[in-house]
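Structural overview for review
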Amino acid sequence: MGKKKRSNLTKQILKNNIYAVRLTASLSKKRVIVSIVKQIIEYLMWVFYSAFFVRYILDAIENEKETGDILLAVLVIGTVSLLLELFLYYCGDVLFPLLDIKVFHGLYEKVYKKSENMEIACFETSDFYDKFSVALDDMGNKLCDTVDNMSAVIGGTIGGILACYTMVEIDPLTIVFLIAPLIGNFFFAPKMNEIYYKRYLDAVPFERKLMYVNRIMYLPEYVKELRLSNIFHVISRQYHEAIEGKASIWKRYFNKAFILGILQYVFSYMVIFEGILLYGGYRALVSQENRISFSQMAVLTSVMVTASWVWVRVINAINRGTQNSMLIANLKEFMNYEEKIPENQDGLHPDANITSIKFENVSFSYDGEKNILHNVSFEVEGKKSIVFVGHNGAGKSTIIKLLLRLYDPTEGRIYVNGRDIREYNLAEYRNLFACAFQDGVIIPGTIKSNVLMGREGTDEQVLEVLKLAGIYDKINSLPEGIHTVLTKEFDDNGALLSGGEYQKIVVARAFAKTAQIGIFDEPSSALDPVSEDKLFSSILKASEDKITVLISHRLSCVKDADYVYMMEQGEMIEQGTHDTLLQKGGKYAEMYRIQEKNYFALDDEGEVAANE
C-alpha cells in the first residue's frame, strides 16, 4: 500500500472513530466523559502501583525508614485505592449498563427514523439490506466500545509515558523492548483487521439468509406451509447452503489470518515478556558493568511489564478502533444517505378539497432499464370512482405507488388539483390518502387499535366502519368485541382470524380515516366472489364523497365504478365505463366473459346461479 493511500486510510479511520464518539456524545455525553475518566484512573493506578508504589516500598526498606511511616503510607494509599476501585466498580457494573441502554435506544431510534425517511426503492435492493443489517448488527455495543477504545488510548498514553519515564530512568536500553509490540500491533494487526472485515462483509448475505430461515421457523404465517408443503425441504436446503457459504468464507481467510495471528502474538507478547525477564536477570546477575540491585531489578521488571501491558492495550485499543471503524463506516454511510424522496420533504400544503388527479405521459422503470409503465395518461375530475384492471404485471399497482409518491416517474408528471405532486409537503400529501392493500399489515394489538392505527376514535365509530366492511358480526361474536387482541404474537389468548377477515379489518381501517382519496388495491383477494361483491359495493357507497381508486382482477365486482382503465404490459389499452367497454367487445369484454364463466355456472336454459 502506498504511503499516500495509507495516510488517507489512517485519516479515514480516525474520522470514523471521531464520528462514533460524537454520535455517542449526542446520545449521552455522560457516557463519553465517564469512560475517559475511568480509563485514565485505571491506567494511572496500574502504573502507580507497579512503578512508584513498589519503588517507594523497596526504597523505604533499604533506607530503613520507620515501620509506622511505611504502614501509614500504605494505609493512606490503600484507602484512596479502595475509593477509586469502588468508583471504577460503580462505573463498570452500574453506571455503564444504564448509560449503554440510553445509547442503544437513542441509536436505534435514529436508525429506525432514518430508515423510515428513505424511499421505498432502498428496501428493494440487497445492497441496502446488507448496509441496514450492518447498521443494526450490535452497533450500540460497537459505539460504546469505540468510546472505550478512544478513552483507553488517551488513558493508556498518559500511563505509558509515565511508565516509560521510570524505565528509562533505571536503564535507557529497556525502551528497545517496546519496539516488538509496535511491530506486532502496527504492522501485523491492521492486516488481520482488514481480513476480519472482509470476512465479515462477505458473510453478511449468508448471515441474512440464516436469519430469514430462522424467522420462517417460528412465524405463524408459515406454520401451515411447513406442515403441508415441501417448504421445509426448500428452506433447509437454503439454510445448509448459507452455512456452507459462511464456512467456505472462513476457510478462504483462515491461512492468512492464522499466519498473521501467530506473528502478531510472537511480536506482541512473547518477545517483550520473555525478553524483559531475561534482560532484568542478566543486568542483576551477569552484567559486570552498571549492575543493578535486586530492588532495582524488581522495580524494573515490574514497570517494564506494566509499560508493556499498557502499550499493548493501547495498541489493541487502536486496532479495535480500526476494526470498528470499518463497520462504523457503513453506519456513517447509512446515516448520511441523501434520500431521493425524503419522507420529511417540505413543500406546499395540499388543498382541503381534492377534485382532480392527472397522469401526463408517465413512464416508469424500477431498475432504470426496463419500463414497467409506458406513456400512461389519464385524468379524474370530480368525486369519481375509477378502477384499474388487467392481468398480473400489467402495471396497476405501480400506478398506485407513483400516485402515493413512493416512487417518482422516470418520465412524465403527476398532478393533483393541478399541481405537480412533487411540490407538496410529502407527509401532508400522503395524508390525503386512505389505503387498503391486499397485503395490509395486522399488528399484535386490539381490533380497535388495528382499525384506528393511532388516530382518535370512539367505539361507536369503530363499530360503524366494521359494519361497512362486513366484519361486524364476526367481531361482535368475540369475547372482548373490538377490544379483542389479534394474533398470538404477544398474547396467548389473542384471536386468529381468516385471511379474508383480516382483509376486511384493513378495509375498515381505510374507512376510519378521514381522507380525500381512497385507494383499494386488491383488498378482497382472499374473499369468495359473493363476499367480494358485497365489499366492493360497501367501498363504493362509503366513498361517494371522495375520489376512489380501485384495483381488482375480478371485473364483475367493479361494474358499478364510474370509469374503468384496462392495463396490459404497462400500457393503457382501453378506458371507459363498464357498459361501454363491454359493448366495444375488446380485451376488457373478453376478460370479463372469461371470468364470468369461472364465477357462474350456465345451465342449458341460460340461467345463472351464484357459484359460492
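Throughout what follows, the structure given in this document is the object of discussion. All figures in this text were calculated on a predicted structure; none of them were measured in a lab. (Residues numbered from 1 in each chain as written. Predicted model: local features only at pLDDT ≥ 70, side-chain atom pairs only at ≥ 80, totals over all residues. Heavy atoms only, no water.)

**Structural notes on the side chain of Q39**
By the secondary structure assignment, Q39 is in helix α2 (residues 29–62). Once you skip the residues sitting within four places of it in the chain, Q39 turns out to touch D148, S151, A152 and G155. (Helix = DSSP H or I, 4+ residues; strand = E, 2+ residues; numbered from the N terminus. Contact = heavy atoms within 4.5 Å.)

**Topic: the packing of α2 against helix α3 (residues 67–117)**
Two elements in contact, α2 and α3, have axes separated by 10 Å at closest approach and are oriented at 160 degrees. It follows from the interaxial angle that α2 and α3 lie roughly antiparallel. Relative to α3, the crossing made by α2 is left-handed. In terms of residue class, the contact of α2 with α3 is made up of 22 nonpolar, three polar and seven charged. (Axes fitted to C-alpha atoms, helices over the stretch in contact; angles between N-to-C directions. Parallel < 35°, antiparallel > 145°, perpendicular 65-115°, else oblique. Left-handed = near helix turned anticlockwise from the far one by under 90°. Nonpolar A, V, L, I, M, F, W, Y, C, P; charged D, E, K, R; others polar.)

**Overview of the environment of D459**
Residue position: D459 is located in helix α13 (residues 459–468). Take D459: its relative accessible area is 27%, and that puts it in the partly exposed class. On a C-alpha basis, the gap between D459 and K448 in space is 7.6 Å, while along the polypeptide they are 11 residues apart. Apart from the residues within four sequence positions on either side, D459 is in contact with K448, I482 and H483. (Buried < 20%, exposed > 50% of the residue type's maximum accessible area, 1.4 Å probe, protein only.)

**Quick notes on the packing of aromatic side chains**
For the structure on display, the rule yields 17 aromatic pairs. Relative to F520, the ring of F511 has its centre 6.0 Å away and its plane inclined at 55 degrees; by these criteria the two rings are tilted. By the burial criterion, F511 is buried, and F520 matches it. The side chain of R199 reaches across the aromatic face of W250, ending 3.7 Å from its centre. (Phe/Tyr/Trp six-rings, centres within 6.5 Å; stacked < 30°, edge-to-face > 60°. Lys NZ or Arg CZ within 6 Å of the ring centre and 35° of its normal.)

**Regarding the sheet that holds strand β5 (residues 419–420)**
What the four strands build is an open sheet, ordered β2-β1-β4-β5; its pairing is antiparallel. Two strands bound the open sheet, and with one partner strand each, they are β2 (371–381) and β5. As judged from the five bridges shared by strand β1 (residues 356–365) and strand β4 (residues 411–416), these two strands associate in the antiparallel manner. Bridge pairing links E360 to R413 in β4. Across the sheet, helix α10 (residues 396–403) lies against β1, β2 and β4, angled at about 115 degrees from β1, the strand it touches most. (Pairing = 2+ DSSP bridges.)

**Let's talk about the sheet that holds strand β3 (residues 385–389)**
Across the sheet, which stays open at both edges, the six strands sit in the order β6-β9-β10-β3-β11-β12 with mixed pairing between neighbours. In this open sheet, the two strands that pair with only one neighbour each are β6 (433–437) and β12 (571–576). With direction set aside, neighbouring strand axes in the sheet form an average angle of 15 degrees. Two strands pair when backbone bridges link them, and β3 and strand β10 (residues 547–551) are joined in this way by four bridges, in the parallel orientation. By the bridge assignment for β10, V387 is matched with L550. Helix α15 (residues 499–512) rests against β6 and β9 (517–521) of the sheet, and its axis sits at about 175 degrees to β6.

**Describing unusual backbone geometry**
Phi angles above zero are rare outside glycine, and N417 is one such case at about 55 degrees. Counting through the fold element by element, N417 comes out in the loop between β4 and β5. If you check the backbone angles, E522 has positive phi at about 50 degrees while not being a glycine. For E522, the position within the fold is in the loop between β9 and α16 (529–542).

**Digging into the side chain of T146**
With respect to the element layout, T146 can be found in helix α5 (residues 139–170). Judged by its relative accessible area of 0%, T146 is buried. Ignoring anything within four residues of it in the chain, the contact list for T146 reads N17, A20, N324 and I328.

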